[in-house]
Amino acid sequence: MEEPKKRILSGIKPTGTLNLGGYLGAAKNWVALQNEFDCFYFIADLHAITIRINPAQLRKQAKELYALYIACGLDPEKNTIFFQSHVHQHAELAWVLDCYTMFGELSRMTQFKDKSAKNADNINAGLFTYPSLMAADILLYQADLVPVGEDQTQHVEICRDIANRFNNLYGEVFRLPEGYVPKVGARIKSLVNPMQKMSKSEQDPNGTVNLLDRRDDVIRKFKKAVTDSGSEILYTEDKPGIKNLMTIYSAVNGKTFEEIEREFDGKGYGDFKLAVGESVADLLSGIQEKYTQISEDKTYLENLWRGSAEKASYIANKTLRKVYKKIGFVEK
Ligand code: AQP
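Each chain carries its own residue numbering, running from 1 in the written order of its sequence. Whole-chain, interface and lining totals are the exception, using all residues; otherwise, since this is a predicted model, local features are given only for residues with pLDDT of at least 70 and side-chain atom pairs are given and counted only at 80 or more. To obtain the side-chain values, all non-hydrogen atoms of the structure were used and water was disregarded.

Another point: the packing of helix 3 (residues 55-71) against helix 13 (residues 269-296). Axes, fitted as lines to C-alpha atoms, cover a helix only where it is in contact. Angles between the N-to-C directions of the axes lie from 0 to 180 degrees. Secondary structure elements follow DSSP: runs of H or I of four or more residues count as helices, runs of E of two or more count as strands, with numbering from the N terminus. For the pair helix 3 and helix 13, interaxial distance at closest approach is 8 Å and the crossing angle is 125 degrees. Considering the angle they form, helix 3 stands oblique to helix 13. The way helix 3 lies across helix 13 gives a crossing that is right-handed. Here E64, A67, L68, I70 and A71 of helix 3 come into contact with helix 13, specifically with I287, K290, Y291, I294 and S295. Each angle is binned into one of four classes, with values under 35 degrees roughly parallel, values over 145 roughly antiparallel, values of 65 to 115 roughly perpendicular, and all other values oblique. Crossings are assigned a handedness: left-handed for a near helix turned anticlockwise from the far helix by less than a right angle, right-handed for a clockwise turn. We call two residues in contact when some of their heavy atoms are within 4.5 Å.

In this section: the domain arrangement of the chain. Start and end points for every domain follow an automatic or database-based domain assignment. When its domains are assigned, the chain resolves into domain 1 (7-186 + 298-327) and domain 2 (205-292). The straight-line distance from the C-alpha centre of domain 1 to that of domain 2 is 29 Å. Residue-level contacts link 16 residues of domain 1 with 16 residues of domain 2. The term buried area denotes the loss of accessible surface (1.4 Å probe radius) that occurs when two parts are joined, taken as the sum for both partners. Here domain 1 and domain 2 share an interface that buries about 1,400 Å² over both sides, 77% of which is from carbon and sulfur atoms. Any carboxyl oxygen of Asp or Glu that lies within 4 Å of a side-chain nitrogen of Lys or Arg is treated as forming a salt bridge with it. One can count zero salt bridges joining domain 1 with domain 2. What qualifies as a polar contact is a pair of N or O atoms within 3.5 Å, subject to a donor-acceptor requirement within protein and to the restriction that residues adjacent in sequence count only when both atoms come from side chains. Put simply, domain 1 and domain 2 have four residue pairs in polar contact (both at pLDDT 80 or more) between them. Here the side of domain 1 that touches domain 2 is built from residues that sort into ten nonpolar, four polar and two charged. Amino acids are sorted into nonpolar (Ala, Val, Leu, Ile, Met, Phe, Trp, Tyr, Cys and Pro), charged (Asp, Glu, Lys and Arg) and polar (every other residue, Gly among them).

Attention now moves to helix 10 (residues 215-223). Relative accessible area decides the class of each residue, using a 1.4 Å probe on protein chains only: under 20% of the type maximum gives buried, over 50% gives exposed, and in between gives partly exposed. When helix 10 is considered as a whole, its buried residues turn out to be V218, I219, K221 and F222. Projected down its long axis, helix 10 shows its buried positions confined to an angular sector of 160 degrees, all on one face. When the buried face of helix 10 is taken as reference, the exposed residues oriented beyond 90 degrees from it are D216 and K223. The arc refers to the directions leading from the helix axis to the C-beta atoms.

A word on the pairing of strand 3 (residues 79-83). The side chains of a regular strand alternate between the sheet's two faces. Burial analysis of strand 3 places five of its five residues in the buried class, the great majority of the element. Alternating positions in strand 3 separate into two faces, N79, I81 and F83 on one and T80 and F82 on the other, with burial throughout. What makes two strands pair is DSSP finding at least two bridges between them. Where strand 2 (residues 38-43) meets strand 3, five bridges bridge the pair, whose relative direction is parallel. Counterpart to C39 in the pairing with strand 3 is N79.

Quick look at the pattern of salt bridges now. One pass over the full model with this rule turns up 15 salt bridges. We note a salt bridge from K197 to D151, for which the minimum N-O separation is 2.9 Å. In this pair, K197 is assigned in the loop between strand 5 (178-180) and helix 10 and D151 in the loop between strand 4 (145-147) and helix 9 (153-170), connecting sequence segments 46 residues apart. A relative accessible area of 34% means that K197 is categorised as partly exposed. The closest approach of N and O atoms between D216 and R214, which form a salt bridge, is 3.6 Å. For the pair D216 and R214, a shared accessibility class is recorded, and that class is exposed. The network of salt bridges with shared partners includes R214, D216, D217 and R220.

This next bit is on the site of the ligand. Around the ligand, the structure places 22 residues, and the nearest of them are T15, K115, S199, K200 and S201. Here K197 contributes a side-chain N or O atom positioned 2.7 Å from an oxygen atom of the ligand. One of the side-chain N or O atoms of S199 is found 2.5 Å from an oxygen atom in the ligand. The set of elements that each furnish at least two residues to the shell around the ligand consists of strand 1 (7-12) and helix 1 (20-33). Of all the elements, helix 1 adds the most residues to the shell around the ligand, at four residues. A breakdown of the residues in the shell around the ligand according to their chemical character gives six nonpolar, ten polar and six charged. Here a residue is considered near a molecule or strand provided that any single heavy atom belonging to it is located within 4 Å of it.

See the structure below:
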């Protein structure tokens, strides 16, 4: 008999337009996994409200991200693509897991420290308990693998700790997930500050390349990208700007760092930045064309997300019922 496919789950917050960081660190790898695994990909709208977003903007960005998942190459026939808020079990299991997650472990989360420093006027409880909601996302589906960028591996670790704690008390309720970090593209940095991650929330628009940016803007942003002293194209720690551009170039066209070094031997930063910009712009034009096509068919998209939410809910509900029973809630 054929082994059932292993299950994968991942999501992206609709806190802005998907950028090259989220694409190369997450979405692109999801596409590569869709044939081999049983994949659940969601729009993490519950996670998005840990920062204040205008409601109309949130709705627009969430729908845009849904269509972008498909435009990036996720086949909706092969993957279950849904909105997190359409499956109420996420919030319900998160509350339960909050009661099995320690204040001390949440306090150690790097993302909490970073985000509270950035949003000093809105350090809300949701920001603090973000990891238990993320654990609920993963554990509801009994996921085997969670593809994430490097910045999220700490959250997969805490998810395993929470699941272990629960399983030790009540038996094997949750499957322990593994993080899956891509080899290239796991940490794309800002084009204006190569020491900082490329983020949707970055203030300087020149630091991020959004998937829906116009070709001219993409090339302009790469031309202006901060580089390092010297003039050689080399992949070394003391050239963080060039290293970041080489990572992007390599992730986009599959060339190794040695091949890139050879390609630009004797050429300067200007030539290199233009080549990276053009290769990214070419990649984005394909995605944008598909995006425009998909977004036009609103009924198709609505039917898709309704059907997917139903499928996801069915699986999530099985896990939640089991959890409720184990902890001693009275059955309906
Ligand atoms: N720069 C990046 N390099 C590699 N991977 C990245 N990811 C995000 N940025 C990069 C990966 O994409 C997935 C989705 O992330 P998310 O949107 O849910 O959360 P995030 O990591 O907090 O993304 P942002 O852009 O930094 O959002 P804001 O600014 O709103 O907080 C994750 O797998 C992440 O690792």
